[in-house]
Amino acid sequence: MNYLDDAFRVKVGLAEMLKGGVIMDVTDAKQAVIAEKAGACAVMALERVPADIRKEGGVARMAAISKIREIMATTSIPVMAKVRIGHFAEARVLEALEVDYIDESEVLTPADEEHHVWKRDFKVPFVCGCRNLGEALRRIAEGAAMIRTKGEAGSGNIVEAVRHMRTIIREMKQLTVLAQDEIMAEAKRLQAPLELVEYVHQNGKLPVPNFSAGGIATPADAALARLLGAEAIFVGSGIFKSSDPEKRAKAIVKANTHYNDPKAVLEASEELGDAMPGLDVRQIPESDLLQTRGW
Amino acid sequence: MPTVGVLALQGDYEAHAGALRRAGAGVVEVRTAEEPQRIDALVIPGGESTSMLKLMDYYGLFEPLRQFGLRKPVFGTCAGAILLAKEVLNPSQPSLDLLDMAVERNAYGRQLDSRVVILSGHSLGDGDLEAVFIRAPIIRRVGQGGEVLASYLGDPVLVQFGRHLVATFHPELSSDNRVHARFLAKIGNGSNGAK
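Residues numbered from 1 in each chain as written. Chains lettered and ligands numbered in written order. Predicted model: local features only at pLDDT ≥ 70, side-chain atom pairs only at ≥ 80, totals over all residues. Heavy atoms only, no water.

K.L.:
Hey, could you run me through the overall build of chain B in this one?
P.N.:
Helix and strand counts for chain B stand at five helices and twelve strands. Along the first, second and third principal axes, the C-alpha atoms of chain B reach 40 × 35 × 30 Å. A buried classification covers 62% of the 195 residues belonging to chain B. In the form shown here, chain B has an accessible surface area of approximately 6,800 Å², with 46% of it arising from carbon and sulfur atoms. (Helix = DSSP H or I, 4+ residues; strand = E, 2+ residues; numbered from the N terminus. Buried < 20%, exposed > 50% of the residue type's maximum accessible area, 1.4 Å probe, protein only. Areas by Shrake-Rupley, 256 points an atom, 1.4 Å probe, with all protein chains shown as cover.)

K.L.:
Quick question: what am I supposed to make of the interface of chain B and chain A here?
P.N.:
Chain B puts 35 residues into the contact, and the matching count from chain A is 37 residues. Counting the contacts that link chain B with chain A gives three salt bridges. Where E130(B) meets R9(A), a salt bridge forms, and the shortest distance between an N and an O atom there is 2.8 Å. At the junction of chain B and chain A, the tally comes to 19 residue pairs in polar contact (both at pLDDT 80 or more). Every element with two or more residues in the side of chain B that touches chain A is listed here: α1 (13-22), α2 (49-58), β7 (115-119) and β8 (129-133) of chain B. No other element matches α2(B), which puts five residues into the side of chain B that touches chain A. (Contact = heavy atoms within 4.5 Å. Salt bridge = Lys/Arg side-chain N within 4 Å of Asp/Glu carboxyl O. Polar contact = N/O pair within 3.5 Å; in protein donor to acceptor, adjacent residues only side chain to side chain.)

K.L.:
Sorry, what's going on with the sheet that holds strand β6 (residues 99-104) of chain B here?
P.N.:
The pairing of strands in a sheet comes from backbone hydrogen bonds and takes either a parallel or an antiparallel form. All names here are of chain B. Read from one edge to the other, the open sheet built from three strands follows the order β5-β6-β9, with strand pairing classed as mixed. Whereas interior strands pair on both sides, the edge strands pair on one side only; in this sheet they are β5 (85-89) and β9 (138-142). Taking each pair of neighbouring strands and ignoring which way they run, the sheet shows an average axis angle of 25°. As paired elements, β6 and β9 share four bridges and run antiparallel to each other. Of the residues in β9, the one forming a bridge with V103 is I139. (Pairing = 2+ DSSP bridges. Axes fitted to C-alpha atoms, helices over the stretch in contact; angles between N-to-C directions.)

K.L.:
Is there a simple way to explain the packing of helix α6 (residues 133-142) of chain A against helix α7 (residues 159-176) of chain A in this structure?
P.N.:
When two helices pack together, you describe them by how their axes are tilted relative to each other and by the distance separating the axes. Residues and elements named next belong to chain A. Interaxial distance between α6 and α7 falls to 8 Å at its minimum, and their mutual angle equals 85°. Regarding the angle of α6 to α7, the classification is roughly perpendicular. Where α6 abuts α7, its residues L133, G134 and A136 lie against I168, E171, M172 and L175. Per-class residue counts for the contact of α6 with α7 are five nonpolar, one polar and one charged. (Parallel < 35°, antiparallel > 145°, perpendicular 65-115°, else oblique. Nonpolar A, V, L, I, M, F, W, Y, C, P; charged D, E, K, R; others polar.)

K.L.:
Just checking my understanding: could you explain the environment of Q291(A) for this structure?
P.N.:
Residue and element names in this part refer to chain A. As for its placement among the helices and strands, Q291 is situated in the segment after α13 (262-269). Considered as a pair, Q291 and D25 are 266 residues apart in the sequence and their alpha carbons are 17 Å apart. Dropping the residues within four chain positions of it, Q291 is found in contact with E106, R131, K150, G151, E152, E160 and H164. For Q291, the side chain forms a polar contact with the side chain of E160, separated by 2.9 Å.

K.L.:
Teacher, can you tell me more about the layout of surface pockets here?
P.N.:
A water-sized probe rolled over the atoms picks out the places where empty space is left. Empty space within the largest pocket amounts to approximately 900 Å³. Those elements that provide at least two residues to the lining of the largest pocket are α1 (6-18), α7 and α9 (194-203) of chain A together with α1 and β8 of chain B. Class assignment for the residues of the lining of the largest pocket results in 15 nonpolar, eight polar and nine charged. Counted as a void, the second largest pocket has a volume near 280 Å³. For the second largest pocket, the lining is made up of 15 residues, of which E36(A), T50(B), L53(B), K54(B) and Q93(B) are closest to its centre. Elements that contribute at least two residues to the lining of the second largest pocket include exactly α2 (29-38) of chain A together with α2 of chain B. In terms of residue class, the lining of the second largest pocket is built from six nonpolar, five polar and four charged. (1 Å grid on protein atoms, 1.4 Å probe; cavity = no way out; pocket = protein on both sides within 12 Å on 5 of 7 lines; lining within 4 Å. Points joined across faces, edges and corners; volume = space filled by probe spheres on them.)

K.L.:
Looking at this model, I keep getting lost on α2(A). Mind explaining?
P.N.:
Side chains three or four residues apart in an α-helix point the same way, a direct result of the helix having 3.6 residues per turn. Among the ten residues that make up α2(A), seven are buried, leaving the element largely enclosed by the rest of the structure. The complete set of buried residues in α2(A) reads A29(A), Q31(A), A32(A), I34(A), A35(A), E36(A) and A38(A). Next to the buried residues of α2(A) lie β1 (22-26), β2 (42-45), α4 (65-74), α11 (237-240) and α12 (245-257) of chain A together with α2 of chain B. The opening residue of α2(A) is D28(A), an N-cap whose side-chain oxygen sits 3.2 Å from the backbone nitrogen of K30(A). The positive-phi residue at the C-terminal boundary of α2(A) is G39(A), with phi of around 110°.

Here is the structure:
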């Protein structure tokens, strides 16, 4: 894959524009308005926020088209929407609908346990989740133009987002100090294409932006994700499952921009009401984990 | 070496910082009202203009940036061009109102209409100029003081207003440094802007 290819650069270009921002999960137009007014740089349209998917169970699919249309008609910022892992027909529908970005997401029930969507076939850009460098590079090889670490969506617990961001950043650093004759073995260990492993070896970063998701519930969580190396953040249940979504949305936007200024994060953290209820990830049965979906 | 501030509230400010350094400038990220006091020129990057407006509002940056633009050079790309325009359409929204022009947001359509094109007719010297358009706006009217330096499909895409410069595309995402060099050449030469 040629990373200087114009079609791919246009996909990565939109991800570049979203850097430094907050992408918020919304389930209807009313929430999209709250997100845009708070300063979100994009919204993610989905049927139910991850905390509800976790609680209610059943099969989680692409959102209803009428809801996505309603959100697209209401907001002037980019609209993303989720498809099930491997469900390229849902992806084709969203491309026909002209959403701005597709998230092939572990939050929805996977449609294919073996294959992810071959994203290079699409003109619309894709973002995919990862837990480590190998997974990120496999998704990029398939055509993803943005990567987000998975965390554990709907948990309100930042611990997995931290684990995944630390892992990928550490693996990238380690690659940069290897000798040329060690790269092939590293590609084998990472189970990732050699050319992408070489890219990270030479540049110390992914060829696409690297965002954080899955468990951000407070302004300090947002700052932590950015301080660990995330270039922007996705917030799902953390806003609309809190006691005062409008206030919390603004506070997270503020803390995300001024993540390196503790006084600004302090100010954003004042008088916020209650955060969403959180889950101890160690208490979640293995079969209920979302992050293990996809590979 | 001039010091250029890049508004770093949201968007591709790091790409601009890289392009400015390659063109020979020192770079400061601007997030509060204090930084504009120690810069010679300001870049407002691409990103989401609504998001930047909110953050400018939260931190009292609106008036300091406007005052800065009344005295010193400002370069806006895409969202930055929207924020500098006197009039914003689709939808109408507040702006710094520094340049007499009307800009329509997302005027080519959604992301599927984003594109990389080659501009052959432009005023930046020999050779084609690459232009990366991402959910780009269109400049619908260029008013007093505006000089069109490049057009695409009949619409102005690179316009200078005295010491100020706007592009509806993203020169910071191309390796060609001529647009940033043009902006840096405006620092300290005292030419007048539209305001």
